[in-house]
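Understanding the architecture of this molecule
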Amino acid sequence: MTSTLPKATMSVEIKPPITLTANDFERLSLLVRAVENKTPDAASVLADELARAHVLADGRPKQTVCMGSEVQFRDDATGSVQVMTLVYPGDADISLRRISVLTPVGAALIGLSAGNSITWETRTGELRQLTVLRVREPQLA
């Protein structure tokens, strides 16, 4: 007996699961609402990530990108490896390697675990893939 089902296509990008702390989820949800009129594209990308997140009631997931985490990741197309800290927009400073969660790469990183890869769209519409290599938990002040 042969199957009559159509073959699956690879054009649909399946995003890896993401996990957020309840605090990050709440603060990021407020951020989306605060910027949705000023920067609707950035707000929409982050809102999409929040919509698919698994939210932990308590605790912080190990080796998972949370707000304030230092993340080592690789651009899979170029092989370039970068280390950045994921921050809120007011704390962003690329010269200090602090990237805003409202940037395309920042929104792509939130909630990923070490070893996960994700395809994301740059501001110019180019599709890129990055892989999280290492995550260092935020340092408490």
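How each quantity is defined
- Residues numbered from 1 in each chain as written.
- Predicted model: local features only at pLDDT ≥ 70, side-chain atom pairs only at ≥ 80, totals over all residues.
- Heavy atoms only, no water.
- Salt bridge = Lys/Arg side-chain N within 4 Å of Asp/Glu carboxyl O.
- Helix = DSSP H or I, 4+ residues; strand = E, 2+ residues; numbered from the N terminus.
- Buried < 20%, exposed > 50% of the residue type's maximum accessible area, 1.4 Å probe, protein only.

Below, the discussion takes up the pattern of salt bridges. Any two side chains of opposite charge can pair, on the condition that their charged atoms come close. Tallied over the entire structure, the rule returns 8 salt bridges. The salt bridge partner of lysine 62 is glutamate 137, with a shortest N-O separation of 3.5 Å. Of this pair, lysine 62 sits in the loop between strand 2 (53-56) and strand 3 (70-75) while glutamate 137 sits in the segment after strand 7 (127-136), and the two are 75 residues apart along the sequence. Here lysine 62 falls in the exposed class, since its relative accessible area comes to 65%. The partner of arginine 136 in a salt bridge is glutamate 70, and the shortest N-O contact between them spans 3.2 Å. Taken together, the positions of arginine 136 in strand 7 and glutamate 70 in strand 3 put the pair 66 residues apart, joining distant regions of the chain. Residue arginine 136 is classed as partly exposed on the basis of its relative accessible area, which comes to 43%. Residues joined by salt bridges that share partners form a network here, namely Lys15, Glu49 and Arg52.

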